[in-house]
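# Structural features, examined
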Amino acid sequence: MAPETIQGQPADVRSDIFSFGCVLYEMVSGRLPFVGETRLNIVAAILEKDPQPMSSLQPLTPAALEHLVLRCLMKDPEERWQTSRDLSRELKWISEGVRLTQASEPAPRPRGKLGQRLAWGVAALCIAMLAWLGVSHWRSIPLAESRHLHLSLLPPPSTSFVPYNFAISPDGRRLAFVAAAQDGGTALWIRSLAAGTAQQLTGTEGAAFPFWSPDSCQVGFFQASKLKSVDSSSGAVQILCDALGGFGGAWNDRGTIIFAGSTWPSVVVSVIFKVSASGGEPKLVSKGNAPSSSMFWPSALPGGDHFLYFLLGSSKPAQKQGIYVGSLSTQESKLISSEIVGNTQFASSRLYYVRDRSLMAQPFDLKRLQLTGQPEAVSRQELEEASAFSRAGFSVSDNGVVVFQSATESVSRLSWFDRSGKELEELPRTGYRDPALSRDGALLAVASDENQNGKHYIHIYDFARGTSTRVSDEGTEVFPVLSPDGKRVAYVVNDARTSQYIDIAATDGSGKLERVAASDFLIPNHWSADGRFLIYMNFQNGAPELEVLDLRNHSQTAFGPGAEAQFSPDGKWIAFIGPGSTSDQEVEVYVAPVHGPGRRIQISNHGGAQPRWSADGKELFYITKDKKLMAVPVDTSRDEPVAGVPHLLFQTRIIASRAVLFQYAVSPDGKRFLINSTPSVGAAPLTVLMN
């Protein structure tokens, strides 16, 4: 495969001449011109190294023949033979016995005759091959013919890729990614696709959602509520501005960075900001079409003014969910498609996005700012998606190099840990997420992708028997919640792109489903200890609002703004996350009474998510932004809860710390934790698709 083909540039007859030169080189020398232990090493050799002189491998090689082959193998297509006719004439000239120039190493006269006979034989064979192919064949190869090269890219030793946190550079040569170490700590890394090693960038611990500058020299990322950039060569890190939230960024070709962030106190509502790539005060670009609409995953379009983003809205016209194009100059927005959900990227005149777990590419008209033509699948592999915050794992360079995370190579596993962080055991089944334990610890409800095809069903895992029972059928069910007696499970059904339901099924798979709620975007969080109430998140108005469903009379009561709620074991209190008390905070964990008036009590002190009660109600656990598991003693025996000082249990390798709902569960005795974790060994690869 020619260098320009690997880099995603158009192929022509000169690309075929390069391939032909590889064949000639091997015929003469007995070795391949470009070698390596892995495919990436071979790609690196093709892009960066010259082949070893044939005369050093086969001393009888005539100089004229070596000149012909090496010219076929030039990196720059302009320096190769330009047509098959030119190549054919040169081969004929050699085979007709024209006096050959001296070989690169002087040889005695008899060896020179052998060299001539070698040249005649090879040249005659080459001409026969050319005659068989025919000049018309060389001209008839369609330039659009696919020449895909699939590569598997492993993370650095003793690390694993953090899902959805990678970006290919615009020139398609380097990959920025976040990797988790064995102790759970994360950092930003950069590696060349043509090299076998990666470099960790100092000062990027806890980085998230990296993105490249247009010149492929700098990387933007989010860290500790700041937007930062790092020079990929020197490693110098610069703080650009405050960035609460930080759900994606893009660097346009006019030196402006567009990013999705939050404004206090509505930290659960994401809007679009812009800031100079050299730093400064961020300016609001767009708040969406409704006050509570959330905007995620901006991507820049060529020209410097327009950008794409995903609006998490509803079916209402004023905040219709879908992909929009925004303008930095006019601050106006236009709906591109209500059928596309999540992150998108423009490259090579096409818009890339994920639909039904498949990576698609569809022509996009930059002048009219609209999709044209029909979408085509880029790869047959289904992609990993995070349904909680509508992001799929893929990235595309300007010249069409694609990097994606396959659903068949999902990296997370459910593993038990003790309070010191020691890993005890891993569940024997893979593809599990959203763990929810029964009160006695005998059953586990999960969203299962056991077949690794991107389809999730609700499964009930029996620890004693080691069996897994499927209780849902659509393949779009997530976020299970078990009833206190373990006999029923509530979960989300994604029936359509802007409609969701909460269904309840029997955990033994018997009986009929019961549909208890329907809206644009619902997520059940927890079941009260008496089995009467179900608390869930409703995104109908954009930002999440907590509502309590009375399962006896099917009435609904608004609790208030918040997310990730949990009833206390005595049923009097609700732990949840909400905006911090000051503008420099993101979300904190709070406790408030279920019924009646009462103030909220702050539990976490430096941000937190995924609160879980201990079975006796004397402790609250939560996850920090840097994935630490914290514990807080809580006294709920009084009129108002009294919280102690949060203390660290251990650093986790949890799949994500925020916007993924609950990815761990607590055993009934509070001594073990079942965590959806990235593995410490045997990490899954990323897939690189070239051209």
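Higher on the page you've got the structure.
Residues numbered from 1 in each chain as written. Predicted model: local features only at pLDDT ≥ 70, side-chain atom pairs only at ≥ 80, totals over all residues. Heavy atoms only, no water.

### Re helix α2 (residues 13-29)
Between the first and last C-alpha of α2 there are 24 Å, a value that for 17 residues agrees with the 24 Å anticipated at 1.5 Å per step. For α2, a buried count of 12 out of 17 residues is recorded, marking the element as mostly surrounded by other parts of the structure. Listed as buried for α2 are R14, S15, D16, I17, F18, F20, G21, C22, L24, Y25, V28 and S29. G30 occupies a position one or two residues after α2 and carries a positive phi of about 85°. (Helix = DSSP H or I, 4+ residues; strand = E, 2+ residues; numbered from the N terminus. Expected span 1.5 Å × (residues − 1). Buried < 20%, exposed > 50% of the residue type's maximum accessible area, 1.4 Å probe, protein only.)

### Let's talk about helix α5 (residues 63-72)
For α5, the tally of buried residues reaches 7 of 10 residues, placing the bulk of the element in the interior. Along α5, the residues that are buried comprise A63, A64, L65, E66, L68, V69 and C72.

### Here we look at the sheet that holds strand β50 (residues 664-666)
Taken in spatial order, the 4 strands of this open sheet run β28-β27-β51-β50, and their pairing is antiparallel. What marks the edges here is a single partner per strand, and that holds for β28 (423-426) and β50. Strand-to-strand, the axes of this sheet are offset by a mean angle of 20°, without reference to chain direction. As judged from the 3 bridges shared by β50 and strand β51 (residues 672-677), these two strands associate in the antiparallel manner. Bridge pairing in β51 links A665 to L674. (Pairing = 2+ DSSP bridges. Axes fitted to C-alpha atoms, helices over the stretch in contact; angles between N-to-C directions.)

### Notes on the state of the cysteines
All chains considered together, the criterion is met by 0 disulfides. Here C22 is not cross-linked by a disulfide; its sulfur's nearest cysteine counterpart is in C72, at 9.1 Å. (Disulfide = S-S within 2.5 Å.)

### Side note on the nonpolar core
In this structure, L227, I257, F259, I272, F364 and V489 are the most contacted members of the largest nonpolar core, which totals 95 residues. Broken down by element, the residue count for this core peaks at 6 residues, all from strand β15 (residues 306-312). In this view, F364 contacts L301, I336, F346, S349, R350, L351, L369, Q370, L371 and T372; residues no more than four positions away in its chain are not counted. Within the second largest apolar cluster, 41 residues are counted, among which are L65, C72, F161 and V688. (Core = buried A, V, L, I, M, F, W, Y, C linked by side-chain atoms within 4.5 Å. Contact = heavy atoms within 4.5 Å.)

### Brief notes about the pattern of salt bridges
In total, this model carries 14 salt bridges according to the counting rule given. Put simply, R80 and E4 hold a salt bridge, and the shortest N to O gap is 2.9 Å. With a gap of 76 residues between them, R80 in the loop between α5 and α6 (84-95) and E4 in helix α1 (residues 3-6) connect regions that are remote in the sequence. Here R80 falls in the buried class, since its relative accessible area comes to 0%. Accessibility expressed as a relative area gives 4% for E4, which makes it buried. (Salt bridge = Lys/Arg side-chain N within 4 Å of Asp/Glu carboxyl O.)

Function cannot be read off these values alone, since they describe shape.
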